[in-house]
Amino acid sequence: MNPIFIKKSRMSSTNTSVLDCFNPDAKFNMIDRNTANFHPSIWKDYFLQYASQSMEFDDETKAQIEKLKKEIVKMLIDASKPIEEIVNLIDLICRLGIRYHFESEIEEVLQQTHNNYTKNGEIIIVDDNLRLLALLFRLLRQQGYHVSPNVFNKFKDDENGNFSEKLVKDVEGLLELYEACHLRIHGEEILDEAYAFTSTQLESIATQLKPSLAAQVKYSLKQSLHRGLPRLEARRFISIYEEDPTHNHTLLTLAKLDFNFLQNLHRKEVGNICKWWMKFDVAANFPYARDRIVECCNWVVEVYFEPQYFQARKLLTKLLAFTSIIDDTYDAYGTIDELKLFTEAIERWDIGCLNDLPEYMKLIYESLFNIFEEAERELEKQGRAYCIKYVIKEFQETIQAYMTEVKWLNNKYIPTIAEYIKTSAISSGYPLLIAISYVGMGDMATKDIFKWVTNKPKIVTASGTMCRIMDDIVSNEFEQKREHVASIIECYMRDYGVSKEEAIQELQKRVTDAWKDINEECLKPTEVPRPFLMNILNMSRFMDVMYKDEDCYTHAEGKMKKCIQALLVDPVPINNMRKDMKPFIYA
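Overview of the structure. If you're wondering where the values come from, they're calculated on a predicted model, not measured in any experiment. Every residue gets a number counted from 1 within its own chain, in the order that chain's sequence is written. Only residues with pLDDT of at least 70 get local features here, since the model is predicted, and only at 80 or more are side-chain atom pairs given and counted; chain-wide, interface and lining totals rely on the full set of residues. Only hydrogens and water are removed before side-chain values are computed, so all heavy atoms of the structure are retained for them.

Quick look at the overall build of the chain now. Helix and strand assignments follow DSSP, with helices taken as H or I runs no shorter than four residues and strands as E runs no shorter than two, numbered in order from the N terminus. Across its full length, the chain holds 23 helices and two strands. The principal-axis extent of the C-alpha atoms belonging to the chain is close to 80 × 65 × 50 Å. When the 587 residues of the chain are sorted by exposure, 58% land in the buried category. Within the chain, contacts between residues separated by at least 24 positions form 75% of all contacts whose residues are at least 6 apart in sequence. Between buried and exposed lies partly exposed: a residue is buried under 20% and exposed over 50% of the maximum accessible area for its type, with that area taken using a 1.4 Å probe on protein chains only. By definition, residues are in contact when any of their heavy atoms lie within 4.5 Å.

Within the secondary structure, arginine 227 is located in the loop between helix H7 (211-222) and helix H8 (230-242). This count recognises Lys and Arg as positive and Asp and Glu as negative, with His and chain-terminal groups excluded. Think of a salt bridge as a Lys or Arg side-chain nitrogen and an Asp or Glu carboxyl oxygen that are within 4 Å of each other. Buried and without a salt bridge, arginine 227 has aspartate 544 as its closest oppositely charged side chain, separated by 4.2 Å.

Looking now at the environment of valine 171. Locating valine 171 in the fold gives a position in helix H5 (residues 171-181). Not counting the four nearest positions on each side in its chain, valine 171 is found in contact with Leu202, Ile205, Leu209, Leu213 and Val217.

The next point concerns the pattern of salt bridges. Scanning the entire structure with this criterion turns up 28 salt bridges. Across the pair glutamate 176 and arginine 138 runs a salt bridge, and its minimum N-O distance is 2.8 Å. In this pair, glutamate 176 is assigned in helix H5 and arginine 138 in helix H4 (residues 130-142), connecting sequence segments 38 residues apart. The pair formed by glutamate 176 and arginine 138 is uniform in burial state, with each residue classed as buried. The residue aspartate 356 makes a salt bridge to arginine 348 at a minimum N-O spacing of 3.9 Å. The exposure class assigned to aspartate 356 is partly exposed, which follows from its relative accessible area of 41%. The class of arginine 348 is exposed, set by a relative accessible area of 53%. One salt-bridge network, held together by shared partners, links Lys393, Glu394, Glu397 and Lys456.

Written out as structure tokens, the structure is:
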């Protein structure tokens, strides 16, 4: 997570110029510490009002939702529909955020579509409709089918082998091809070419389009659909789709009712988490750290929002919140001697270590034990207590990675790129958070799943690496104004003898490569069931949205606040929008 903050250089525990007001123990009392300048919690106690609120809809609304779902199932399984209608319907269901109600039906329809419209992995539709072909390709890839992109060769100019300039007239086709390119994997040069072509063409014509289409093009160029956060994309698309005079009333009504149902559920969960968090009094006990409990809740809702994962969200949010405090302790406050004690205590994992720690660390250590013990008691009832040992092991590895970075800074050591990535992909916290996210997923999260995730498969490593690179790029300029552990940019500049600008460009290519790894690992046959891969995909999407231009977790007053407002505060209007209302935009 590697936060952005203003701090003095990390001092050894022998310096004694500033009174440590958090620790009454004499040997820790007079220590010159790093200081942070994080803004306080934006939301304060706002969400406490929802802790006791009913999340239930009235019986009439519940009945309406069930009726709408049945109508949509009928639409999906209607075999008489032409291919274009099928793919458009599935795309709408996905973009409106109601796909999770129809997973089995969508899988069945797309499997049938794959059987009927592909041969040896090639799409065999004769139609030269670029939008249809690109949309079909994207939907099949999203579902895990390894379809070939060779179908797009037909849109190239025979003379020079480039994409035809005539395509510029087909804006919707270009836009759909652009979106499809984000599902490309390694070795697909045609999609690399298509991405460069569509990006350039869409940027050049955006100002010449009618306002609604221009807005969609501008938005997509900034935030692709595949890398966007599903709940936020749904919130945005509901507003846009409502303005379409040809919209399907059944789809739109279910999307609105379902969004508000989930919002009620999620904000009640947030209210209860905030109530739990209050007892730790972060402002008093950890004034050096970011107080971001609502932002943690938002992060976790984006990983998995479905109602059945409410227990999983609770555990992941609690551990994410304390991991954030620990991250700031290692990066912004603790002395190297204190951090060695804490690292050893985590390694031993024994509550008896509590007395060896400075006072401010005792609350962190004890709270972690309480969270894990509570989770273990629940899991024992399910016969799944084995989950905890895997998560603790992952937690210990993360703390060791934090400590390695502290030692680098203390020794003024600049690691090689290889050293940096090996450690920082773990210190990003993503391998840990991914493993924790599986704990509450029920019986399907077997021992084999935890063995797989803790052995750092390619998709986990890619997600962690992408997290670290994106974080370092947006944090670098601010962090390097004071003494700070070398970022991946400094390591790259030193290893390859290039400028900062060149280093950033090359590192952004590595982010693209990480996405190709993630896309490839989501193709069938997968090593683990799809829901476990979706957690990792959504973790990666969170980085793409929230760390594209700045660290929106640390600086939470901007985009993060808008997202929380849209997801957890403002319900979707059920009646038609007023003519003067603008669709919700979060980018």
